[in-house]
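Structural characterization, general
Each chain is listed here by its residues.
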Amino acid sequence: MPRKRNSRLLRLAARPVCAALLLGLVGTTTLSQAAVTDTPTQVQARVTSSEAKTKNPIVLVHGLFGFDNVLGIDYFYRIPESLAGAGAKVYVAQVSGANSSEIRGEQLIQELKNIRAISGNPSLKFNLVGHSQGAPTARYVAAVEPGLVASVTSVGGANGGSKVADILRKIPEGSVSEAVVAETLRLAMLLLGAISGKDPSQLPEVPLNALNSLTTAGGAAFDKKFPQGRPAPGSSCDVKSGPAEANGVRYYSWSGVQPLTNAFDASDVAMGGLSLIAFGSETNDGLLAVCSTRLGTHLGDYRQNHLDEVNQLFGLTYIGLWTLFEKKPVQLYQEQAARLKSAGL
């Protein structure tokens, strides 16, 4: 039986509603919160091909409210084992579910260095694949420790922040409402972390930091410090690609562009509601405007919402007129691994 090393159900249901709530936090913390983390376990699966056998290991990085494994359910639903089965060496990172992109990035750096040490290869590099806030988390690592990274792939990445976060950020700073929401979310994350095996002393949960990172102002500030792979500031939404390479690191991205995709998926209600509230007619995946997700080489836009991008809820993704012609999430990850392999990464 292949052992899955990623659990993302909570994030699935929590991603839409919790993402909105989590974004409503306000606070500050220092990089000292990026304590030493455990080393992710390599995903195991029966290998049936070498199509995804990349030169460097693939590390999947979850976004807001993400986790490693909750009650046997993966955040990247059925994706890690599919990549491992196609020959890739795959790890699933475990960083704070609610904290700033920089702090999460420092946690990820430590995890990657731990993998290096265990592998006995001090020059080992990694192909980082980040969903949502996992994208700026991976970008941070590539910017400050480029020697650790071969490539960064953003999947529905919160690279330019979210208007959903902007709305929630309007909760009066320092108010009782803000404090109650922040503490509720922090406790929820601690519970999820306990179920998924996270150590709160090593992976602190500070929803306030997450909010500040995920507003559009936070995204712009992050871009100013770490512009690698991003389209130039002020670029039209028609500009779908940014620089393909920076400091020896390759950058790629793809995005979801349809909030409502499957009538049998309960999470679509949240995605559709947030889309109407925050974006109006602007193309989005329910939590992010597609223009804000661009990074490096553009690989495509798909009929997926923010949860579909990680094959949630339980694989209930797009069903519609173009079902037979629409690529499924697992296929997109496999194709990207094959692309990285062909590029010698």
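Residues numbered from 1 in each chain as written. Predicted model: local features only at pLDDT ≥ 70, side-chain atom pairs only at ≥ 80, totals over all residues. Heavy atoms only, no water.

1. Things to note about the confidence of the model for the chain
Confidence along the chain averages 85 in pLDDT terms, with 81% of residues attaining 70 or more. Predicted confidence for residues 1-36 stays below pLDDT 50, and this span has 158 contacts to residues more than four positions away or in other chains. (pLDDT = per-residue confidence, 0-100. Contact = heavy atoms within 4.5 Å.)

2. Some words on the nonpolar core
By size, the foremost hydrophobic cluster in this structure holds 27 residues, and its most contacted members are Leu60, Leu83 and Tyr333. Counting residues per element, the ones that place at least two in this core are β1 (58-61), α2 (79-85), β4 (90-92), β6 (149-155), β8 (249-256), β9 (297-302) and α10 (329-342). Element by element, the count of residues in this core is highest for α10, at five residues. Grouped together as the second largest cluster of nonpolar side chains are 26 residues, Val59, Val152, Phe222 and Phe226 included. (Core = buried A, V, L, I, M, F, W, Y, C linked by side-chain atoms within 4.5 Å. Buried < 20%, exposed > 50% of the residue type's maximum accessible area, 1.4 Å probe, protein only. Helix = DSSP H or I, 4+ residues; strand = E, 2+ residues; numbered from the N terminus.)

3. Some words on the state of the cysteines
One pass over the structure, following the stated rule, counts one disulfide. Each sulfur of the disulfide joining Cys237 and Cys291 lies 1.6 Å from the other. Handedness of the Cys237-Cys291 disulfide follows from its S-S torsion of about -100°: it is left-handed. Of the two residues, Cys237 is situated in the loop between α8 (216-225) and β7 (245-246) and Cys291 in the loop between α9 (267-278) and β9; the sequence distance between them amounts to 54 residues. (Disulfide = S-S within 2.5 Å.)

4. Regarding the packing of helix α3 (residues 101-119) against helix α4 (residues 134-144)
The contact between α3 and α4 brings their axes to 8 Å, and the two run at 65°. Regarding α3 and α4, the two cross each other, and that crossing is right-handed. On α4, the residues that touch Ser101, Glu102, Arg104, Gly105, Glu106, Leu108, Ile109 and Leu112 of α3 are Gly134, Pro136, Thr137, Ala138, Tyr140, Val141 and Val144. Here the residues of the contact of α3 with α4 sort into eight nonpolar, four polar and three charged. (Axes fitted to C-alpha atoms, helices over the stretch in contact; angles between N-to-C directions. Left-handed = near helix turned anticlockwise from the far one by under 90°. Nonpolar A, V, L, I, M, F, W, Y, C, P; charged D, E, K, R; others polar.)

5. Overview of the side chain of Gln304
Relative to the assigned elements, Gln304 resides in the loop between β9 and α10. You can call Gln304 buried: its relative accessible area is 2%. Not counting the four nearest positions on each side in its chain, Gln304 is found in contact with Gly256, Val257, Gln258, Thr261, Asp285, Glu309, Lys327, Lys328, Pro329 and Leu332.

6. Points about the packing of aromatic side chains
Applying the stated rule across the entire model yields seven aromatic pairs. For the pair Phe76 and Tyr333, a centre-to-centre distance of 6.2 Å together with 80° between the ring planes defines the contact as edge-to-face. You can see Phe76 sitting in the loop between β3 (73-74) and α2 and its partner Tyr333 sitting in helix α10, a full 257 residues away along the chain. Put simply, the rings of Tyr75, Phe76, Trp254 and Tyr333 pair up and form one aromatic cluster. (Phe/Tyr/Trp six-rings, centres within 6.5 Å; stacked < 30°, edge-to-face > 60°.)

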